[in-house]
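Notes for the structure review
Given next are the chains, with one letter for each unit.
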Amino acid sequence: MQSEDGGPVNGFKEEYDAIYDGITKIIVRMSKGISYLIISELEKAYYSNVVNDGLREKLSPYMAASGALLFCGRNIDMDKVGNLLEAVDIIPDNDLLGTLTYLNFKNYVVYLISIYYLQSWGKEVSVENSIRVVRVFGTSPDATLARFAIDFHDRLEKGEIEKEFLKKREDKRLQTLARAIESTSEVTTKLIISEFERGMTDKNILDNIRINRNMALYIIAAGTLAFAGRDIDTPSIKGLLEAIDVRVNEEYMRSLFSLHYKNHIIYLIGIYFLVAVGRKPEVQSLLDVIRAMYINPDYTVARYAIDLYNKMSTAQKTG
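Attention in this report is confined to the structure presented alongside it. (Residues numbered from 1 in each chain as written. Predicted model: local features only at pLDDT ≥ 70, side-chain atom pairs only at ≥ 80, totals over all residues. Heavy atoms only, no water.)

What to know about the packing of aromatic side chains
This model, assessed by the stated rule, comprises five aromatic pairs. Summarising the aromatic geometry, the rings of Phe71 and Tyr272 are spaced 6.0 Å apart at their centres and angled 55° between planes, so their arrangement reads as tilted. Note that Phe71 is positioned in helix 2 (residues 53–71) and Tyr272 in helix 14 (residues 265–276), a separation of 201 residues in sequence. Classification of Tyr272 as buried rests on a relative accessible area of 1%. A centroid spacing of 6.4 Å and a plane angle of 20° characterise the contact between Phe148 and Phe152, whose relative ring orientation is stacked. On the criterion of helical spacing, the pair formed by Phe148 and Phe152 is a turn pair, its members being four residues apart in helix 7 (residues 143–157). Residue classification places Phe148 among the partly exposed positions, given a relative accessible area of 27%. Classification of Phe152 as buried rests on a relative accessible area of 4%. (Phe/Tyr/Trp six-rings, centres within 6.5 Å; stacked < 30°, edge-to-face > 60°. Helix = DSSP H or I, 4+ residues; strand = E, 2+ residues; numbered from the N terminus. Buried < 20%, exposed > 50% of the residue type's maximum accessible area, 1.4 Å probe, protein only.)

Written out as C-alpha coordinates, the structure is:
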(Lines give C-alpha, C1' and ligand atoms only; values in the text may rest on other atoms or scores of the structure.)
Protein backbone atom coordinates (compact mmCIF):
# COMPACT_ATOMS: atom_id res chain seq x y z
CA MET A 1 0.00 0.00 0.00
CA GLN A 2 0.96 3.65 -0.43
CA SER A 3 1.33 6.59 1.85
CA GLU A 4 -0.96 9.60 1.43
CA ASP A 5 1.60 11.36 -0.77
CA GLY A 6 1.65 8.45 -3.23
CA GLY A 7 5.03 7.08 -2.18
CA PRO A 8 5.86 3.77 -0.47
CA VAL A 9 4.63 3.31 3.08
CA ASN A 10 7.10 3.24 5.95
CA GLY A 11 7.29 -0.53 6.01
CA PHE A 12 8.64 -0.52 2.46
CA LYS A 13 10.66 2.69 2.55
CA GLU A 14 14.10 1.22 3.23
CA GLU A 15 13.67 -1.49 0.60
CA TYR A 16 12.18 0.94 -1.90
CA ASP A 17 15.01 3.45 -1.41
CA ALA A 18 17.65 0.77 -1.97
CA ILE A 19 15.98 -0.46 -5.16
CA TYR A 20 15.36 3.07 -6.44
CA ASP A 21 18.94 4.14 -5.77
CA GLY A 22 20.45 1.10 -7.45
CA ILE A 23 18.29 1.15 -10.55
CA THR A 24 18.46 4.91 -11.10
CA LYS A 25 22.25 4.80 -10.95
CA ILE A 26 22.23 2.17 -13.69
CA ILE A 27 19.84 4.29 -15.78
CA VAL A 28 22.05 7.38 -15.43
CA ARG A 29 25.21 5.44 -16.32
CA MET A 30 23.56 3.74 -19.28
CA SER A 31 22.17 6.96 -20.73
CA LYS A 32 25.46 8.78 -20.32
CA GLY A 33 27.39 5.84 -21.77
CA ILE A 34 25.15 5.73 -24.84
CA SER A 35 25.58 9.45 -25.50
CA TYR A 36 29.37 9.22 -25.09
CA LEU A 37 29.52 6.24 -27.43
CA ILE A 38 27.49 7.94 -30.16
CA ILE A 39 29.41 11.20 -29.91
CA SER A 40 32.75 9.38 -30.04
CA GLU A 41 31.64 7.44 -33.14
CA LEU A 42 30.51 10.63 -34.88
CA GLU A 43 33.73 12.36 -33.85
CA LYS A 44 35.85 9.56 -35.33
CA ALA A 45 33.87 9.83 -38.54
CA TYR A 46 34.24 13.64 -38.68
CA TYR A 47 38.01 13.43 -38.48
CA SER A 48 38.53 10.30 -40.55
CA ASN A 49 40.63 10.33 -43.70
CA VAL A 50 37.44 9.95 -45.74
CA VAL A 51 36.01 13.31 -44.63
CA ASN A 52 37.88 16.47 -45.62
CA ASP A 53 37.08 20.03 -44.58
CA GLY A 54 34.94 20.61 -47.65
CA LEU A 55 32.76 17.59 -46.91
CA ARG A 56 32.10 18.22 -43.22
CA GLU A 57 29.52 20.94 -43.76
CA LYS A 58 27.65 18.95 -46.40
CA LEU A 59 27.73 15.78 -44.30
CA SER A 60 26.33 17.39 -41.13
CA PRO A 61 22.67 16.36 -41.68
CA TYR A 62 23.82 12.90 -42.79
CA MET A 63 25.80 12.57 -39.57
CA ALA A 64 22.76 13.72 -37.59
CA ALA A 65 20.63 11.04 -39.26
CA SER A 66 23.31 8.45 -38.52
CA GLY A 67 23.38 9.57 -34.89
CA ALA A 68 19.61 9.20 -34.65
CA LEU A 69 19.77 5.65 -36.00
CA LEU A 70 22.64 4.75 -33.66
CA PHE A 71 20.71 6.28 -30.75
CA CYS A 72 17.80 3.91 -31.28
CA GLY A 73 19.99 0.86 -31.86
CA ARG A 74 19.48 0.59 -35.60
CA ASN A 75 22.01 -0.45 -38.22
CA ILE A 76 22.84 2.41 -40.56
CA ASP A 77 21.91 1.91 -44.19
CA MET A 78 21.42 4.39 -46.97
CA ASP A 79 17.65 3.90 -47.27
CA LYS A 80 17.10 4.76 -43.59
CA VAL A 81 19.37 7.80 -43.76
CA GLY A 82 17.69 8.95 -46.97
CA ASN A 83 14.23 8.56 -45.46
CA LEU A 84 15.16 10.64 -42.42
CA LEU A 85 16.59 13.41 -44.60
CA GLU A 86 13.50 13.47 -46.81
CA ALA A 87 11.34 13.73 -43.66
CA VAL A 88 12.93 17.14 -43.00
CA ASP A 89 12.83 18.20 -46.67
CA ILE A 90 16.47 17.51 -47.45
CA ILE A 91 16.99 15.81 -50.81
CA PRO A 92 19.56 13.02 -50.28
CA ASP A 93 22.72 13.23 -52.38
CA ASN A 94 23.90 9.82 -53.60
CA ASP A 95 27.57 10.79 -53.42
CA LEU A 96 27.21 11.89 -49.79
CA LEU A 97 25.25 8.75 -48.96
CA GLY A 98 28.08 6.80 -50.54
CA THR A 99 30.59 8.58 -48.33
CA LEU A 100 28.70 7.35 -45.27
CA THR A 101 29.32 3.73 -46.29
CA TYR A 102 33.07 4.33 -46.01
CA LEU A 103 32.71 5.66 -42.45
CA ASN A 104 31.80 2.15 -41.31
CA PHE A 105 29.43 3.01 -38.47
CA LYS A 106 28.74 0.02 -36.24
CA ASN A 107 25.72 -0.64 -34.04
CA TYR A 108 27.62 -0.76 -30.74
CA VAL A 109 24.78 0.84 -28.79
CA VAL A 110 22.62 -2.28 -28.45
CA TYR A 111 25.60 -4.15 -26.99
CA LEU A 112 26.26 -1.38 -24.48
CA ILE A 113 22.59 -1.48 -23.48
CA SER A 114 22.84 -5.25 -22.99
CA ILE A 115 25.71 -4.76 -20.53
CA TYR A 116 23.64 -2.53 -18.24
CA TYR A 117 20.71 -4.91 -18.49
CA LEU A 118 22.94 -7.78 -17.39
CA GLN A 119 24.29 -5.68 -14.51
CA SER A 120 20.80 -4.78 -13.33
CA TRP A 121 20.11 -8.49 -12.82
CA GLY A 122 23.54 -9.17 -11.32
CA LYS A 123 24.50 -11.37 -14.28
CA GLU A 124 28.00 -11.85 -15.65
CA VAL A 125 28.96 -9.37 -18.34
CA SER A 126 30.42 -11.48 -21.12
CA VAL A 127 30.39 -11.60 -24.90
CA GLU A 128 28.14 -14.66 -24.82
CA ASN A 129 25.59 -13.12 -22.43
CA SER A 130 25.61 -9.83 -24.31
CA ILE A 131 24.86 -11.61 -27.57
CA ARG A 132 21.97 -13.51 -25.97
CA VAL A 133 20.36 -10.21 -24.97
CA VAL A 134 21.04 -8.49 -28.30
CA ARG A 135 19.32 -11.31 -30.19
CA VAL A 136 16.08 -10.27 -28.46
CA PHE A 137 16.42 -6.85 -30.14
CA GLY A 138 16.37 -8.59 -33.53
CA THR A 139 20.02 -7.75 -34.15
CA SER A 140 22.36 -10.24 -35.81
CA PRO A 141 24.98 -11.14 -33.18
CA ASP A 142 28.56 -9.98 -33.63
CA ALA A 143 31.20 -10.99 -31.07
CA THR A 144 33.56 -8.22 -32.21
CA LEU A 145 30.97 -5.53 -31.51
CA ALA A 146 30.18 -7.12 -28.14
CA ARG A 147 33.86 -7.09 -27.15
CA PHE A 148 34.20 -3.45 -28.22
CA ALA A 149 31.19 -2.45 -26.11
CA ILE A 150 32.53 -4.31 -23.08
CA ASP A 151 35.90 -2.58 -23.45
CA PHE A 152 34.19 0.81 -23.89
CA HIS A 153 32.10 0.16 -20.79
CA ASP A 154 35.19 -0.78 -18.76
CA ARG A 155 36.96 2.41 -19.83
CA LEU A 156 33.83 4.40 -19.01
CA GLU A 157 33.67 2.95 -15.50
CA LYS A 158 37.34 3.85 -14.96
CA GLY A 159 36.66 7.46 -15.94
CA GLU A 160 38.83 7.29 -19.04
CA ILE A 161 36.03 8.13 -21.49
CA GLU A 162 34.83 11.08 -19.43
CA LYS A 163 38.34 12.58 -19.44
CA GLU A 164 38.35 12.41 -23.25
CA PHE A 165 35.05 14.26 -23.36
CA LEU A 166 36.41 17.13 -21.30
CA LYS A 167 38.68 18.04 -24.21
CA LYS A 168 37.57 21.07 -26.18
CA ARG A 169 35.93 20.37 -29.55
CA GLU A 170 36.68 23.15 -31.99
CA ASP A 171 34.39 22.03 -34.82
CA LYS A 172 31.09 23.87 -34.30
CA ARG A 173 29.13 21.35 -36.36
CA LEU A 174 30.30 18.55 -34.11
CA GLN A 175 29.54 20.69 -31.06
CA THR A 176 25.96 21.13 -32.31
CA LEU A 177 25.52 17.38 -32.72
CA ALA A 178 27.11 16.67 -29.34
CA ARG A 179 24.87 19.19 -27.55
CA ALA A 180 21.77 17.73 -29.18
CA ILE A 181 22.78 14.20 -28.18
CA GLU A 182 23.67 15.21 -24.61
CA SER A 183 20.41 17.15 -24.21
CA THR A 184 18.39 14.19 -25.49
CA SER A 185 20.29 11.90 -23.13
CA GLU A 186 19.43 14.11 -20.15
CA VAL A 187 15.74 14.25 -21.05
CA THR A 188 15.70 10.48 -21.67
CA THR A 189 17.28 9.82 -18.28
CA LYS A 190 14.66 11.90 -16.48
CA LEU A 191 11.85 10.25 -18.41
CA ILE A 192 12.99 6.69 -17.72
CA ILE A 193 13.53 7.41 -14.02
CA SER A 194 10.08 9.02 -13.84
CA GLU A 195 8.49 6.00 -15.53
CA PHE A 196 10.38 3.62 -13.24
CA GLU A 197 9.18 5.55 -10.21
CA ARG A 198 5.61 5.54 -11.54
CA GLY A 199 5.72 1.77 -11.83
CA MET A 200 7.26 1.20 -8.42
CA THR A 201 4.65 3.37 -6.68
CA ASP A 202 1.62 2.28 -8.71
CA LYS A 203 -1.28 1.56 -6.36
CA ASN A 204 -2.35 -1.67 -8.08
CA ILE A 205 1.16 -3.09 -7.89
CA LEU A 206 1.65 -2.12 -4.26
CA ASP A 207 -1.75 -3.52 -3.34
CA ASN A 208 -1.07 -6.87 -4.98
CA ILE A 209 2.65 -7.46 -5.04
CA ARG A 210 5.07 -6.51 -2.31
CA ILE A 211 7.82 -4.25 -3.64
CA ASN A 212 10.89 -6.33 -4.38
CA ARG A 213 13.79 -6.38 -6.75
CA ASN A 214 12.13 -8.76 -9.21
CA MET A 215 9.22 -6.43 -9.96
CA ALA A 216 11.65 -3.54 -10.31
CA LEU A 217 13.65 -5.50 -12.83
CA TYR A 218 10.59 -6.35 -14.89
CA ILE A 219 10.14 -2.60 -15.17
CA ILE A 220 13.79 -2.11 -16.10
CA ALA A 221 13.37 -4.77 -18.81
CA ALA A 222 10.71 -2.50 -20.33
CA GLY A 223 13.12 0.43 -20.05
CA THR A 224 15.83 -1.63 -21.74
CA LEU A 225 13.57 -2.21 -24.73
CA ALA A 226 12.79 1.50 -24.85
CA PHE A 227 16.49 2.42 -24.78
CA ALA A 228 17.07 -0.02 -27.65
CA GLY A 229 14.27 1.55 -29.67
CA ARG A 230 12.11 -1.58 -29.55
CA ASP A 231 8.44 -2.10 -28.81
CA ILE A 232 7.53 -2.94 -25.22
CA ASP A 233 5.51 -6.09 -25.81
CA THR A 234 5.05 -9.51 -24.22
CA PRO A 235 7.36 -11.50 -26.56
CA SER A 236 10.22 -9.02 -26.09
CA ILE A 237 9.91 -8.89 -22.28
CA LYS A 238 9.79 -12.69 -22.11
CA GLY A 239 12.73 -12.86 -24.50
CA LEU A 240 14.83 -10.59 -22.28
CA LEU A 241 14.02 -12.67 -19.21
CA GLU A 242 14.73 -15.98 -20.95
CA ALA A 243 18.00 -14.59 -22.32
CA ILE A 244 19.32 -14.47 -18.77
CA ASP A 245 17.67 -17.73 -17.65
CA VAL A 246 14.95 -16.09 -15.57
CA ARG A 247 11.64 -17.94 -15.40
CA VAL A 248 8.77 -15.69 -16.45
CA ASN A 249 6.39 -14.83 -13.62
CA GLU A 250 2.93 -14.26 -15.13
CA GLU A 251 1.76 -12.20 -12.15
CA TYR A 252 4.64 -9.79 -12.64
CA MET A 253 3.95 -9.71 -16.38
CA ARG A 254 0.31 -8.76 -15.83
CA SER A 255 1.33 -6.06 -13.38
CA LEU A 256 3.95 -4.71 -15.78
CA PHE A 257 1.53 -4.36 -18.68
CA SER A 258 -1.11 -2.80 -16.43
CA LEU A 259 1.23 0.22 -16.39
CA HIS A 260 0.71 0.73 -20.14
CA TYR A 261 4.29 1.73 -20.86
CA LYS A 262 4.95 3.42 -24.20
CA ASN A 263 8.28 3.83 -25.95
CA HIS A 264 8.66 7.60 -25.65
CA ILE A 265 12.42 7.43 -26.20
CA ILE A 266 12.16 6.89 -29.94
CA TYR A 267 10.20 10.17 -30.09
CA LEU A 268 12.87 11.98 -28.07
CA ILE A 269 15.45 10.68 -30.53
CA GLY A 270 13.30 12.06 -33.33
CA ILE A 271 13.34 15.43 -31.58
CA TYR A 272 17.16 15.19 -31.31
CA PHE A 273 17.34 14.75 -35.08
CA LEU A 274 15.09 17.75 -35.72
CA VAL A 275 17.18 19.94 -33.41
CA ALA A 276 20.45 18.67 -34.92
CA VAL A 277 19.38 19.66 -38.45
CA GLY A 278 18.07 23.04 -37.32
CA ARG A 279 14.34 22.26 -37.41
CA LYS A 280 11.90 23.33 -34.72
CA PRO A 281 10.45 20.28 -32.97
CA GLU A 282 6.72 20.27 -33.68
CA VAL A 283 4.22 17.44 -33.57
CA GLN A 284 3.81 17.08 -37.35
CA SER A 285 7.54 17.21 -38.11
CA LEU A 286 8.16 14.67 -35.35
CA LEU A 287 5.48 12.34 -36.74
CA ASP A 288 7.18 12.58 -40.16
CA VAL A 289 10.55 11.63 -38.65
CA ILE A 290 9.10 8.70 -36.69
CA ARG A 291 7.39 7.44 -39.83
CA ALA A 292 10.73 7.63 -41.64
CA MET A 293 12.11 5.20 -39.05
CA TYR A 294 9.55 2.61 -40.21
CA ILE A 295 7.48 3.09 -37.04
CA ASN A 296 3.75 3.72 -37.05
CA PRO A 297 3.58 7.06 -35.18
CA ASP A 298 1.29 7.83 -32.28
CA TYR A 299 0.03 11.43 -32.12
CA THR A 300 -0.56 11.35 -28.36
CA VAL A 301 2.96 10.07 -27.62
CA ALA A 302 4.46 12.62 -30.04
CA ARG A 303 2.56 15.45 -28.34
CA TYR A 304 3.73 14.25 -24.91
CA ALA A 305 7.35 14.00 -26.09
CA ILE A 306 7.28 17.54 -27.52
CA ASP A 307 5.77 18.92 -24.31
CA LEU A 308 8.31 17.04 -22.19
CA TYR A 309 11.24 18.23 -24.29
CA ASN A 310 10.05 21.86 -24.22
CA LYS A 311 9.47 21.73 -20.47
CA MET A 312 12.89 20.25 -19.73
CA SER A 313 14.66 22.53 -22.21
CA THR A 314 13.10 25.56 -20.48
CA ALA A 315 14.18 24.20 -17.10
CA GLN A 316 17.75 23.74 -18.36
CA LYS A 317 17.90 27.32 -19.65
CA THR A 318 16.48 28.85 -16.46
CA GLY A 319 18.27 26.44 -14.11
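What about empty space enclosed by the protein?
The final tally for this structure, using the stated rule, is one cavity of 30 Å³ or more. Here the largest cavity defines a volume of roughly 140 Å³. Ile192, Glu195, Gly223, Ala226 and Tyr261 are, among the 16 residues lining the largest cavity, the residues nearest its centre. Considering every element that reaches the lining of the largest cavity, the biggest residue donor is helix 11 (residues 213–227), with five residues. (1 Å grid on protein atoms, 1.4 Å probe; cavity = no way out; pocket = protein on both sides within 12 Å on 5 of 7 lines; lining within 4 Å. Points joined across faces, edges and corners; volume = space filled by probe spheres on them.)

What to know about the nonpolar core
With 121 residues, the main nonpolar core has Tyr272 and Phe273 as its most contacted residues. For this core, the leading source of residues is helix 1 (residues 10–46), giving 14 residues. Every residue in contact with Tyr272, bar those within four places of it in the chain, is listed here: Met63, Ala64, Gly67, Ala68, Phe71, Leu177, Ala180, Ile181 and Thr184. (Core = buried A, V, L, I, M, F, W, Y, C linked by side-chain atoms within 4.5 Å. Contact = heavy atoms within 4.5 Å.)

Focus on unusual backbone geometry
What is expected of a backbone is that most residues other than glycine have negative phi and most peptide bonds are trans. In this structure, Asp89 takes a positive phi of about 65° despite not being glycine. Of note, Asp89 is situated in the loop between helix 3 (78–87) and helix 4 (94–103).

Some words on the side chain of Arg230
Within the secondary structure, Arg230 is located in the loop between helix 11 and helix 12 (234–243). Buried within the structure, Arg230 lacks any salt-bridge partner; Asp231 is the closest side chain of opposite charge, at an N-O distance of 8.8 Å. A distance of 2.9 Å separates the side chain of Arg230 from the backbone oxygen of Phe137, its partner in a polar contact. Residues contacting Arg230, with those up to four places away along its chain left out, are Cys72, Gly73, Arg74, Val110, Phe137, Thr139, Leu225 and Asn263. (Lys, Arg positive; Asp, Glu negative; His and termini not counted. Salt bridge = Lys/Arg side-chain N within 4 Å of Asp/Glu carboxyl O. Polar contact = N/O pair within 3.5 Å; in protein donor to acceptor, adjacent residues only side chain to side chain.)

No statement about biological role is implied by the geometric values presented.
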